[in-house]
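# Analysis of the macromolecular model
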Amino acid sequence: MTAPLTPPHQPPQNDDAWQAPAPPPYGGYEKPDPDPDGDSKRDLLDAGVTVLVMTVLGVVMGLLWLWLAPKVPLVSNGEAVFLKDTEGEEAIGADGTFVLLGVAFGAVTAATAVWLRRRGGVALVIALAVGALLGSLLAWGVGVWFGPTQDVAQHAQQVGEGVTFDAYLKLQAWGSLLAWPLSAMVVHLGLTALFGPRDPEPEWEDGGV
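Quick caveat, the model's predicted, so the values are computed rather than measured.

## Notes on the overall build of the protein
- Along the protein, the regular secondary structure elements total six helices and three strands.
- Reading the protein from its N end, one meets helices and strands in the order α-α-β-β-α-α-α-β-α.
- Considering the protein as a whole, with its 209 residues, one finds that 27% of them fall into the buried category.
- Summarising the internal contacts of the protein: among those between residues at least 6 apart in sequence, 82% fall at separations of at least 24.
- Summed over its atoms, the accessible surface of the protein is roughly 14,500 Å², and 64% of this surface lies on carbon and sulfur atoms.

Pasting the structure below:
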């Protein structure tokens, strides 16, 4: 009995079919392909809208400051103008009112920005600071412009001797203008830390056979 001259038929081996699949890049998970150009344009658009809206809100803050700030009473004796109440704290109260309004406006605008744009970004943070500062300057200007005249001597002549009238609205401390920007920055930072988006955890996959 002799062995066959030809070996039994064997299917061709395909080494490529049994190779382990290559592990995906970035440590085991697929990294999305971002669109930096689209995101940058959107960030700039949101920043521009934020600056515009906050600047317009400065008009509202200025009118509220004019309405809520305590009035400083003056009186004239026909020759000079004096404070009617020399121990009054109305002038300091005007600064305090402006600061409180700035803190409130900063908290509201920052919370609204986080709610509408949770992803945030450097452009939005800069827009909040710039818009708040412009809004504060506009609020100060509105309060002074629509308040009593700054020409105290002429005002005293118009009302007459011994008649009490209000002094023009002004800020004693220039630092009050920073209340809105600082409040917006602090509130935005806190809300972003608490409710901002988190980076996804990498999902590791088994790269073996």
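## Re the nonpolar core
- By size, the foremost hydrophobic cluster in this structure holds 18 residues, and its most contacted members are Met61, Trp65, Phe98, Leu169 and Trp180.
- Elements with a contribution of two residues or more to this core: α2 (36-68), α3 (90-116) and α4 (122-146).
- No other element matches the five residues that α3 contributes to this core.
- Ranked by size, the runner-up nonpolar core spans five residues in total, among them Val72, Leu74, Ala156 and Phe165.

## Considering the pairing of strand β1 (residues 73-76)
- The alternating pattern of β1 places Pro73 and Val75 and Leu74 and Ser76 on opposite faces, both of which are buried.
- For β1 and strand β3 (residues 165-166), the ladder comprises two bridges, and the chain directions are antiparallel. Within β3, the position partnered with Pro73 by the bridge is Asp166.

## Focus: a nonpolar patch on the surface
- Among the surface-exposed residues, Val122, Ile126, Val130, Leu133, Leu134, Leu137, Leu178 and Leu182 lie close enough to one another that they form a single nonpolar patch of about 690 Å² accessible area.
- Per-element accounting of the nonpolar patch gives the leading share, six residues, to α4.
- Note on placement: Leu137 falls in helix α4.
- With a relative accessible area of 37%, Leu137 lands in the partly exposed category.

## Re the confidence of the model for the protein
- On average, residues of the protein score 78 in pLDDT, and 69% of them reach the 70 mark or higher.
- Element-level mean pLDDT values for the protein span from 50 in helix α1 (residues 25-28) up to 94 in α4.
- Residue range residues 26-30 is modelled with pLDDT below 50. Its contacts to residues more than four positions away, or to other chains, number ten contacts.

## A few points about the side chain of Thr97
- Examined against the element boundaries, Thr97 turns out to sit in helix α3.
- Separated by 2.8 Å, the side chain of Thr97 and the backbone oxygen of Gly93 make a polar contact.
- With residues near it in sequence (within four places) discarded, Thr97 still touches Trp65, Leu68, Ala69 and Pro70.

## Some points on the packing of aromatic side chains
- All chains considered together, the criterion is met by three aromatic pairs.
- Their ring planes at 80 degrees and their centres at 5.0 Å tell us that Trp65 and Phe98 sit as a pair that is edge-to-face. Residue Trp65 is located in helix α2, and its partner Phe98 is located in helix α3; the two are separated by 33 residues in the primary sequence.
- Trp65 sits in the buried class, given a relative accessible area of 0%.
- A relative accessible area of 0% places Phe98 in the buried class.
- A ring pair is formed by Trp140 and Trp174, whose centres lie 5.0 Å apart and whose planes are at 85 degrees; its orientation type is edge-to-face.

Conventions and cut-offs
Residues numbered from 1 in each chain as written. Predicted model: local features only at pLDDT ≥ 70, side-chain atom pairs only at ≥ 80, totals over all residues. Heavy atoms only, no water. Helix = DSSP H or I, 4+ residues; strand = E, 2+ residues; numbered from the N terminus. Buried < 20%, exposed > 50% of the residue type's maximum accessible area, 1.4 Å probe, protein only. Contact = heavy atoms within 4.5 Å. Areas by Shrake-Rupley, 256 points an atom, 1.4 Å probe, with all protein chains shown as cover. Core = buried A, V, L, I, M, F, W, Y, C linked by side-chain atoms within 4.5 Å. Pairing = 2+ DSSP bridges. Patch = residues over 30% accessible without salt bridge, like charges linked within 9 Å, V, L, I, M, F, W, Y side chains within 5 Å. Salt bridge = Lys/Arg side-chain N within 4 Å of Asp/Glu carboxyl O. pLDDT = per-residue confidence, 0-100. Polar contact = N/O pair within 3.5 Å; in protein donor to acceptor, adjacent residues only side chain to side chain. Phe/Tyr/Trp six-rings, centres within 6.5 Å; stacked < 30°, edge-to-face > 60°.

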